[in-house]
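# Close look at the chain arrangement
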Amino acid sequence: MKFGGSSLANATSIKKAARIVQRFSPENKIVVVASAMNDTTDRLLEIGELAEKRENVRARKILGNIQTLHVKTARSISSQKTSKELLDRINQLDTDLEKTAEGISHLRELTPRSRDYLLSFGERLSTPILAAAIRNLGFKAQALTGGEAGIASDDKFGEAKPLAELSYHEIRRRLDPMLAKNQIPVVTGFIAATVDGTITTLGRGGSDYTASLLGAALNTDEIWIWTDVDGLMTADPRIVKDARVLPTVSFGEALELSYFGAKMMHPRAMQPAAQRKIRVRVRNASKPTFKGTLISSKEEKNAGRVVKAVSIIRSVGIVTVSGTGMIGSPGTAAKVFVALGSSNVNVMMISQGSSEATISCVVASRDVDNAVRALQLGLLGQGLVDKVVVEKDACIIAVVGSGMKGTPGVAARIFDAVARKKINVRIVAQGSSEYNVSFVVSEDEGPESVRAIHEEFQLGKQIRIAQG
């Protein structure tokens, strides 16, 4: 069970998480993964950036708020019996946090390694508090860092890659004896350690990644992601009023949906579970009886419907390079992507006409200006590219479903539905998996496009699929 930051926001939420563990403990052996409380990780990053600039008054104020939050929560959580032990641990971590911020300030340097160490305090503070809340309900629970639980990684700080086989061996060696004694390991999400014990972080979706690694190593029946939504939905309910929860999706569909903004596991985090074919369930911590969405290797046919969901990514722009010199010239696309990649611009979609005279790249709005500069500096004046053109205020619409594979006429229905609303489509792309058809429209026409497709494929109508 992984609990996200919103599920551990305060003492009340943490007690609720502990009761969820209690609810499912009689029939199951459980490993718990904890994120940092609410927005603690963002605040820690802010402290590091302020300390590096020696803006120590502001840094100390934020640090004081973090300390107050955790001490207050620990006091609310702990019983009289465990209060001193928990508070001593929290106070020691708070002291170490102060020293870390002071060190960054003295050196005026926030390195990737020191940033990882600083950010690790969020989970290292929340995990003992959650473990104490579980112990208060009569269970044997022990707080562990990811490294203590056996997760080993390389030393690429900020985006560390777990050493899978070594980690799986160490996780089993360390956690199996605890589970055999009916102990509940409560493990920090997001954190791993190098072979020599240096703390690393797993980057975006790191807590989900931790849960997936532990689940794969221990060959669990399921991995449960407790969050603040009911599960994956057919569309954003803020856009489509009759959007509903999807009872089941395949790993392939989930990967597409997570990339295109659905609130669930980060795509990278699903990999260990998918490789070991371990089912993942996304559930709402406020509705513990609701089964949420089951993600598995099985591809349900969705009661005959070819499309399962339609998603939207807002705030993107289109950058198009064109030139007659591109026609028949090998390596042009490579030069475009090298120029963008070297400037840290992530390309979300691409489109190239069969004439080879233009290549369009869809990037986040914040990266548009950087992309244009990179392409102008890297390609203009070489006889290949004549101009670089920008279209801003766009969004991506993604239509996802495994039933689309091999089904004729799906794209025609999608674009007919959009055309009936007099919406202009700028770029179209379809992955070779055929799980996803994506296209770009203007940002203000995005919501209407989502509603049109949702209605065309009747995604708001309830279907009943047995959840194994």
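The notes below deal with the structure included here. (Residues numbered from 1 in each chain as written. Predicted model: local features only at pLDDT ≥ 70, side-chain atom pairs only at ≥ 80, totals over all residues. Heavy atoms only, no water.)

A few words now on the overall build of the protein chain. When helices and strands are tallied, the protein chain shows 15 helices and 16 strands. For 468 residues, the compact-globule estimate of 2.2 N^0.38 gives 23 Å, and the protein chain sits close to it at 24 Å. With respect to the three principal axes, the spread of C-alpha positions in the protein chain is 75 × 55 × 40 Å. The buried share of the protein chain, reckoned over its 468 residues, is 53%. Counted over contacts in the protein chain with a minimum sequence separation of 6, partners at least 24 positions apart contribute 75%. (Helix = DSSP H or I, 4+ residues; strand = E, 2+ residues; numbered from the N terminus. Rg over C-alpha atoms; globule rule 2.2 N^0.38 Å. Buried < 20%, exposed > 50% of the residue type's maximum accessible area, 1.4 Å probe, protein only. Contact = heavy atoms within 4.5 Å.)

The six strands are arranged E12-E13-E11-E14-E16-E15 in an open sheet whose pairing can be described as antiparallel. Each end of this open sheet is capped by a strand with a single partner; those strands are strand E12 (349-352) and strand E15 (427-430). On average, each strand axis in the sheet is inclined to that of its neighbour by 30°, with strand direction left out of account. Where E15 and strand E16 (residues 436-442) come together, four bridges link them in antiparallel fashion. (Pairing = 2+ DSSP bridges. Axes fitted to C-alpha atoms, helices over the stretch in contact; angles between N-to-C directions.)

What follows covers the nonpolar core. Grouped together as the largest cluster of nonpolar side chains are 51 residues, with contacts concentrated most on Met1, Phe3, Val32, Leu130 and Ile134. Here this core takes eight residues from helix H6 (residues 121-135), the largest share from any one element. In contact with Met1, not counting residues within four places along its chain, are Ile20, Val21, Phe24, Ile30, Val31, Val32, Val33, Trp224 and Trp226. In terms of nonpolar packing, the next biggest core, distinct from the first, is built from 39 residues, Leu179, Leu202, Ala254 and Ala269 among them. (Core = buried A, V, L, I, M, F, W, Y, C linked by side-chain atoms within 4.5 Å.)

Taken as a whole and assessed by the stated rule, the structure comprises six aromatic pairs. For the pair Phe24 and Trp224, a centre-to-centre distance of 4.8 Å together with 85° between the ring planes defines the contact as edge-to-face. Linking Phe24 in helix H1 (residues 11-24) with Trp224 in strand E7 (residues 222-227), this pair joins segments that are 200 residues apart in sequence. In this structure Trp224 comes out as buried when scored by relative accessible area, which is 15%. Within the aromatic cluster, the residues linked to one another by ring pairs are Phe3, Phe24, Trp224 and Trp226. A cation over a ring is seen here: Arg124 above Phe121, with NZ or CZ 4.4 Å from the ring centre. (Phe/Tyr/Trp six-rings, centres within 6.5 Å; stacked < 30°, edge-to-face > 60°. Lys NZ or Arg CZ within 6 Å of the ring centre and 35° of its normal.)

Take helix H4 (residues 83-107) next. A rise of 1.5 Å per residue sets the reference length of H4, with its 25 residues, at 36 Å; its end C-alpha atoms lie 36 Å apart and thus fit the reference within 8%. For H4, the complete set of buried residues consists of Ser83, Leu86, Leu87, Ile90, Leu93, Asp94, Leu97, Thr100, Ala101, Ile104 and Ser105. Of the residues flanking the end of H4, it is Arg108, one or two places downstream, whose phi is positive at about 55°. (Expected span 1.5 Å × (residues − 1).)

Before going further, it helps to examine the pattern of salt bridges. Tallied over the full model, the rule gives 19 salt bridges. Between Arg238 and Asp236 there is a salt bridge whose closest N-O contact spans 2.8 Å. For Arg238, a relative accessible area of 77% translates into the label exposed. Among the residues examined, Asp236 registers a relative accessible area of 23% and is labelled partly exposed. The partner of Arg426 in a salt bridge is Glu391, with the nearest N and O atoms 3.7 Å apart. Residue Arg426 is found in the loop between helix H14 (410-420) and E15, and its partner Glu391 is found in strand E14 (residues 387-400); the two are separated by 35 residues along the sequence. Owing to a relative accessible area of 30%, Arg426 belongs among the partly exposed residues under this scheme. A relative accessible area of 33% places Glu391 in the partly exposed class. What you see here is one network of salt bridges that share partners, running through Asp39, Arg43 and Glu46. (Salt bridge = Lys/Arg side-chain N within 4 Å of Asp/Glu carboxyl O.)

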